[in-house]
Amino acid sequence: MAYDYDLFVIGAGSGGVRASRLAAMSGAKVAVAEEDRSGGTCVIRGCIPKKYMVYASEFGRSLKHMEGYGWKVENASYDHNLFMDKMHREIDRLSGIYARNVKNAGAELIDDRAEFVDAHTLKLVRSGRTVTAGKILIATGGWPVMPKEIEGIDHAITSAEMFHLEQLPKHILIVGGGYIAVEFAGIMSGLGSSVCLVYRGDTVLRGFDEDVRTHVHEELKRKGVKVITNASPVKIEKSGAQFTTRLSNKESVTADQVLFAVGREPHTKGLGLDKAGVKLNDKGAVVVDEYSRTNIPHIFAVGDVTDRMNLTPVAIREGQAFAQTEFMDLPTAFDHADVPHAVFTQPPVGVVGLSEAEARKAHGKIDIYKTRFRPMKDMLTGDEERVLMKIVVRAEDNRVVGVHIVGPDAPEIIQAVAIAVKMGASKADFDRTCALHPSIAEELVTLREKFSPPELKPVV
Ligand SMILES: Cc1cc2nc3c(=O)[nH]c(=O)nc-3n(C[C@H](O)[C@H](O)[C@H](O)COP(=O)(O)OP(=O)(O)OC[C@H]3O[C@@H](n4cnc5c(N)ncnc54)[C@H](O)[C@@H]3O)c2cc1C
């Protein structure tokens, strides 16, 4: 049977754009439907605007630090509207580049929502047109979870609206303890809002190494963020321009803005996947194998909609591997091991490989090298911020299986360290690498002392 397209991609975000461009460049007839704006979460309401807000928020502290170095800055102030305007102009520019790149590769970009009619047919919702395709790639990403059971939840906003705040809130309540919640806590605090973070666990950043979690948690508090743990919102009430959030621990917090950052869910609702027979897991994510194949042989899924590792470069690599396998005769399965990732807090976190707990579980005996120190720059600024560096080594063969950094430029450092970890570097390789002095990163190659955990006393 002849189809309208060889490949139809749903979603022009990180994964969908990479896959469609490569498939089109290999000669396939490709269309991509995008219901919102090209670029997806990363460009429009994720990594890019978030990082710009991080940059904006860091200048306040830098101004204070300047005094330690003899600089005097008078009458410095932050103009929120000016910054937002400049940021959105940059986002528009990037979104335009994404759209142009799709078209320049020879794919058709359709400004519409696509839904399945059957396993080979899609309905374009706004135009009412139906199209058929030999292969279909689901790259619809994810969306913030909003717990509907909380009374007054409609008064709260998600991370998506944080990029459109018309004015800076004086007080903001942030609910959540994952990377998006703690990043916004740092951003808003740096911009001058008073921030309260409410988290249902006892330490933020669940899933990260325990030392990293504690370090970030303590730094958040030191920066003036009020952190309430082991509590969750039960009700949000509006009074005038303010919102009072009642918590499960009987406390209540009044703020001008309430942000819920309690997780994200795969964007599969209303997509008609049942009509195509595509299997989802209990979280609503599309179930795929290592080649991003669903249970239906000609339907594939990449990126956040598969809930494997929800990061932009991962969505891009999965999209690329799919196009190479299906259209370039180069079977490729993306390797999800040792993907470096960051949390853009103050100071930021950079991680590659396994946490101490994961490494113990996977490898049994491991060695830990770690240090905490005050960076040289802060000796003159008076800032009490601390750096954490931790190397996790598999004892059996001395291989470095995890590196964790919390400190200035940690994401930049970890990207380079990730090459060594991916290559299988041993602790001895780190040791024979000469230090670059004076730098924060030199600690990575000068750590010699194994960290011995305090002796556990036998229970009598
Ligand atoms: C606040 C925030 C900060 C983040 N920071 C980082 C970071 O620092 N680093 C990092 O690596 N990752 C970060 N991420 C995660 C990153 O943005 C995602 O992992 C990445 O964008 C996933 O790409 P994707 O292609 O799977 O989906 P997306 O980029 O979300 O693209 C999916 C696209 O599909 C479209 N779509 C959905 N349904 C349909 C339909 N039926 N028809 C047509 N179009 C449809 C959507 O409009 C969207 O444009 C962040 C995310 C958030 C929310």
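Up top you'll find the structure we're talking about.
All of these numbers come straight from a predicted model, not from anything done at the bench.

Thoughts on the environment of Lys377
- Examined against the element boundaries, Lys377 turns out to sit in the loop between β19 (366-373) and α11 (378-381).
- Sequence-wise, Lys377 and His65 are 312 residues apart; in three dimensions their C-alpha atoms are separated by 9.1 Å.

Describing the sheet that holds strand β17 (residues 341-343)
- Spatial strand order, β17-β18-β21-β20-β19: five strands in an open sheet with antiparallel pairing. What marks the edges here is a single partner per strand, and that holds for β17 and β19. Pairwise comparison of adjacent strand axes, ignoring direction, gives a mean angle of 15° for this sheet.
- As paired elements, strand β20 (residues 387-394) and strand β21 (residues 399-406) share seven bridges and run antiparallel to each other. Across the sheet, Val392 pairs through a bridge with Gly402, a residue of β21.
- Packing of helix α12 (residues 410-422) onto the sheet brings it into contact with β17, β18 (349-353) and β21, and relative to β18 it is tilted by some 10°.

A few points about a nonpolar patch on the surface
- Together, Leu63, Tyr69, Trp71, Val73, Met379 and Leu380 give the surface a local cluster of nonpolar side chains, amounting to about 590 Å² of exposed area.
- Topologically, Leu63 is positioned in helix α3 (residues 47-68).
- Among the residues examined, Leu63 registers a relative accessible area of 30% and is labelled partly exposed.

Some words on the pairing of strand β9 (residues 194-199)
- Counting buried residues along β9, five of its six residues qualify, which places the element largely inside the surrounding structure.
- For strand β8 (residues 171-175) and β9, the ladder comprises five bridges, and the chain directions are parallel. Across the sheet, His171 pairs through a bridge with Ser194, a residue of β9.
- Since β8 and β9 lie parallel, the crossover through helix α6 (residues 179-191) that links them has a hand, and here it is right-handed.
- At this point the chain moves from β9, through helix α7 (residues 210-222), to the parallel strand β10 (residues 226-229), and the crossover so formed is right-handed.

What to know about the site of the ligand
- In the region of the ligand, 36 residues are neighbours, and Gly15, Glu34, Thr41, Lys50 and Asp304 sit closest.
- Contacts to the ligand include Ser14, whose backbone N or O atom sits 3.2 Å from an oxygen atom.
- Bound to the protein, the ligand loses 96% of the 1,000 Å² it would expose on its own.
- Going through the elements one at a time, α1 (14-25), β2 (30-34), α2 (40-45), α3, α6 and α9 (312-327) are the ones with two or more residues in the shell around the ligand.

Some remarks on the pattern of salt bridges
- Per the counting criterion, the structure on display carries 38 salt bridges.
- When the shortest N-O distance is used, the salt bridge between Lys223 and Glu385 registers 2.9 Å. Residue Lys223 is located in the loop between α7 and β10, and its partner Glu385 is located in the loop between α11 and β20; the two are separated by 162 residues in the primary sequence.
- The class of Lys223 is partly exposed, set by a relative accessible area of 24%.
- The structure contains a network of salt bridges with shared partners spanning Asp209, Asp211, Glu356, Arg360, Lys370, Arg372 and Lys390.

Considering α12
- Its 13 residues give α12 an end-to-end C-alpha distance of 18 Å, which sits within 8% of 18 Å, the value for a rise of 1.5 Å per residue.
- Maximal helix bending in α12 amounts to about 30°, located at Ala416.
- The complete set of buried residues in α12 reads Ala410, Pro411, Ile413, Ile414, Val417, Ala418 and Val421.
- In this structure, the buried side of α12 is in contact with β17, β18, β21, α13 (427-432) and α14 (443-446).

Quick word on the layout of surface pockets
- Volume-wise, the second largest pocket comes out at about 720 Å³.
- What lines the second largest pocket is a set of 29 residues, among which Glu58, Pro348, Lys377, Pro408 and Asp409 lie closest to the centre.
- Considering every element that reaches the lining of the second largest pocket, the biggest residue donor is α3, with seven residues.
- Looking at the lining of the second largest pocket residue by residue, the classes come out as twelve nonpolar, six polar and eleven charged.

Thoughts on unusual backbone geometry
- Along the chain, Gln346 connects to Pro347 via a cis peptide bond; the corresponding omega equals -5°.
- Cis geometry is adopted by the peptide bond preceding Pro438, which originates at His437 and carries an omega value of -10°.
- With a phi angle near 60°, Leu205 is a residue other than glycine that sits in the positive phi range.
- Along the chain, Leu205 turns up in the loop between β9 and α7.
- Positive phi outside glycine occurs at Asn230, with the angle close to 55°.
- With respect to the helices and strands, Asn230 occurs in the loop between β10 and β11 (233-239).

Quick look at the pairing of β21
- Of all eight residues making up β21, seven are buried, and the element is well covered by its neighbours.
- Sheet topology places β18 next to β21; five bridges connect them, and they run antiparallel. Note on β21: the bridge partner recorded for Gly350 is Ile405.
- Connecting β20 to the antiparallel partner β21 that follows it, the hairpin turn spans four residues, and Asn398 within it adopts a positive phi of roughly 65°.

Calculation rules
- Residues numbered from 1 in each chain as written.
- Predicted model: local features only at pLDDT ≥ 70, side-chain atom pairs only at ≥ 80, totals over all residues.
- Heavy atoms only, no water.
- Helix = DSSP H or I, 4+ residues; strand = E, 2+ residues; numbered from the N terminus.
- Pairing = 2+ DSSP bridges.
- Axes fitted to C-alpha atoms, helices over the stretch in contact; angles between N-to-C directions.
- Contact = heavy atoms within 4.5 Å.
- Patch = residues over 30% accessible without salt bridge, like charges linked within 9 Å, V, L, I, M, F, W, Y side chains within 5 Å.
- Areas by Shrake-Rupley, 256 points an atom, 1.4 Å probe, with all protein chains shown as cover.
- Salt bridge = Lys/Arg side-chain N within 4 Å of Asp/Glu carboxyl O.
- Buried < 20%, exposed > 50% of the residue type's maximum accessible area, 1.4 Å probe, protein only.
- Right-handed = clockwise from strand over helix to strand, strands pointing away.
- Near = heavy atom within 4 Å.
- Polar contact = N/O pair within 3.5 Å; in protein donor to acceptor, adjacent residues only side chain to side chain.
- Expected span 1.5 Å × (residues − 1).
- Bend = angle between axes of the 7 residues up to and from the residue.
- 1 Å grid on protein atoms, 1.4 Å probe; cavity = no way out; pocket = protein on both sides within 12 Å on 5 of 7 lines; lining within 4 Å.
- Points joined across faces, edges and corners; volume = space filled by probe spheres on them.
- Nonpolar A, V, L, I, M, F, W, Y, C, P; charged D, E, K, R; others polar.

Read these as layout, nothing more, since geometry by itself doesn't imply function.
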